[in-house]
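These are the residues of each chain, in order.
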Amino acid sequence: MTDKIVVAALYKFVSLPDYQVLREPLLQTLIDNDIKGTLLLAEEGINGTVSGTRAAIDALLAWFRLDARLVDIDHKESYCDEQPFYRTKVKLKKEIVTLGVPGVDPNQRVGTYVEPQDWNALISDPEVLLIDTRNDYEVAIGTFEGAIDPKTKSFREFPEYIREHFDPSKHKKVAMFCTGGIRCEKASSYMLGEGFEEVYHLKGGILKYLEEVPQEQTKWQGDCFVFDNRVTVRHDLSEGDYDQCHACRTPISVEDRQSEFYSPGVSCPHCWDSLPEKTRESARERQKQIELARARNQPHPIGRDPRQLNEA
């Protein structure tokens, strides 16, 4: 019986003026331990999801502990039977999660962290405005009961949504959540800057909540979208039943895959009538390459992705 692959979601907002210098030793640590996945480095911190054996992930965490700034990096784990990533990358970025608003810095100002065990009580308060900071395709898979869906296509749209729909003088208490904690941490910093006074966010995000809160006590409904080949995880963090359309990257259910508009790698009920022919032709070619790689038992590209990855 093969050991489970450990999938580690990692992030920390911390001042890293030397982030460019950190890239090569971090990449080498990943390669030396046969760790797959992507990590983002920016002056504001580090973010990403990687996977490997238990010993490999432990070695990576030990490498982080050598740097006093990264000793307490936020770290959540789940497991799968096969590698959910095919490549190993460390990318340099302007932001580790892109909001696009100058001056928003969680290293300087951030909302109040709420532990998973205290989250149910907070969001049960009728005075609390509960906002899901994730994108529409993620919210469609699952969310907390009573949460508002901003229907954003990318995190960059979040500030405009807040400005258009909410008023700091009327909405006194705001609670936010995201997959791993990073988006709502940055969103909370933004909202404090906009004048909202009481801003709370779920520490460790949905993944930490699912890990620590028993299913019989949950206020979570559905699956949780994750940015790897598993597509979604259930409340027990096991792999869900969703797949992903390789053409438009939308999560697709079992029912979606029975549709006449579903063609593996080429189209699904969400995109069959909207993708330009050039994109569809590219998808057909990519699917051919995927099938060839599978036949040869080789790594293959998952598909084009118009969305920003690692927004957890």
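From a predicted model like this one, the values you see are computed outputs, not experimental measurements.

1. Considering the side chain of T179
Phase 1 of the analysis: If you trace the backbone, T179 turns up in the loop between strand 9 (173–177) and helix 6 (182–193).
Phase 2 of the analysis: On the basis of relative accessibility, which here comes to 2%, the residue T179 falls in the buried class.
Phase 3 of the analysis: Polar contacts involving the side chain of T179 include one to the side chain of R183, which spans 3.4 Å.

2. A look at the sheet that holds strand 1 (residues 5–13)
Phase 1 of the analysis: Taken together, the five strands give an open sheet; going across it, the order is 4-1-3-2-5, and neighbouring strands pair in mixed fashion. Two strands bound the open sheet, and with one partner strand each, they are strand 4 (74–80) and strand 5 (88–92). Here the strands of the sheet are splayed against their neighbours by 10° on average, with no regard to which way each runs.
Phase 2 of the analysis: Sheet contacts for helix 1 (residues 19–32): strand 2 (36–42), strand 3 (45–52) and strand 5; angle to strand 5, the most-contacted strand, approximately 175°.

3. Let's talk about the sheet that holds strand 6 (residues 112–114)
Phase 1 of the analysis: The strand order 6-10-9-7 describes an open sheet built from four strands, whose pairing is parallel. At either end of the open sheet lies a strand with only one pairing partner, and these are strand 6 and strand 7 (128–132). Neighbour to neighbour, the strand axes of the sheet diverge by 30° on average, direction disregarded.
Phase 2 of the analysis: In this structure, strand 7 lies alongside strand 9, joined through five bridges in parallel fashion. Residue pairing across strands places V128 opposite K173, the latter belonging to strand 9.

4. Examining the domain arrangement of the protein
Phase 1 of the analysis: The domains assigned to the protein are domain 1 (5–92), domain 2 (112–222) and domain 3 (243–311).
Phase 2 of the analysis: For domain 1 and domain 2, the distance between their C-alpha centres works out to 25 Å.
Phase 3 of the analysis: In this assembly, eight residues from domain 1 lie in contact with nine residues from domain 2.
Phase 4 of the analysis: Taking both sides of the interface into account, the surface hidden between domain 1 and domain 2 amounts to around 750 Å²; carbon and sulfur atoms contribute 60%.

5. Re the side chain of S78
Phase 1 of the analysis: Within the element layout of this structure, S78 appears in strand 4.
Phase 2 of the analysis: For S78, a relative accessible area of 9% puts it in the buried group.
Phase 3 of the analysis: Setting aside its immediate chain neighbours within four residues, S78 contacts I5, V6, V7, R230 and L237.

6. A word on the packing of helix 3 (residues 116–123) against helix 7 (residues 205–212)
Packed helix pairs are characterised by how far apart their axes lie and by the angle those axes make with each other.
Phase 1 of the analysis: In the contact formed by helix 3 and helix 7, the axes pass within 9 Å of each other and the chain directions differ by 105°. One finds that helix 3 runs roughly perpendicular with respect to helix 7. Contact residues: P116, Q117, W119 and N120 in helix 3; K208, Y209 and E212 in helix 7.
Phase 2 of the analysis: For the contact of helix 3 with helix 7, the per-class residue count stands at three nonpolar, two polar and two charged.

7. Notes on the pattern of salt bridges
Two side chains of opposite charge can pair, provided their charged atoms sit close to one another.
Phase 1 of the analysis: Applying the stated criterion across every chain yields a total of 25 salt bridges.
Phase 2 of the analysis: Salt-bridge contacts for D34 lead to K36; the nearest nitrogen and oxygen are separated by 3.7 Å.
Phase 3 of the analysis: D74 serves as the salt-bridge partner of K76, at 2.3 Å between the closest nitrogen and oxygen.
Phase 4 of the analysis: A single network of salt bridges, built from pairs that share partners, joins D18, D67 and R69.

8. Focus on the pairing of strand 9
Phase 1 of the analysis: A large share of strand 9 lies buried, amounting to four of its five residues.
Phase 2 of the analysis: As paired strands, strand 9 and strand 10 (residues 198–202) are joined by four bridges and run parallel to one another. From the neighbouring strand, K173 faces strand 10, where its bridge partner is E198.
Phase 3 of the analysis: In this fold, strand 9 hands off to helix 6, which returns the chain to strand 10; that crossover is right-handed.

The rules we used
Residues numbered from 1 in each chain as written. Predicted model: local features only at pLDDT ≥ 70, side-chain atom pairs only at ≥ 80, totals over all residues. Heavy atoms only, no water. Helix = DSSP H or I, 4+ residues; strand = E, 2+ residues; numbered from the N terminus. Buried < 20%, exposed > 50% of the residue type's maximum accessible area, 1.4 Å probe, protein only. Polar contact = N/O pair within 3.5 Å; in protein donor to acceptor, adjacent residues only side chain to side chain. Pairing = 2+ DSSP bridges. Axes fitted to C-alpha atoms, helices over the stretch in contact; angles between N-to-C directions. Contact = heavy atoms within 4.5 Å. Domains from an automatic or database assignment. Buried area = accessible area lost by both parts, 1.4 Å probe. Parallel < 35°, antiparallel > 145°, perpendicular 65-115°, else oblique. Nonpolar A, V, L, I, M, F, W, Y, C, P; charged D, E, K, R; others polar. Salt bridge = Lys/Arg side-chain N within 4 Å of Asp/Glu carboxyl O. Right-handed = clockwise from strand over helix to strand, strands pointing away.

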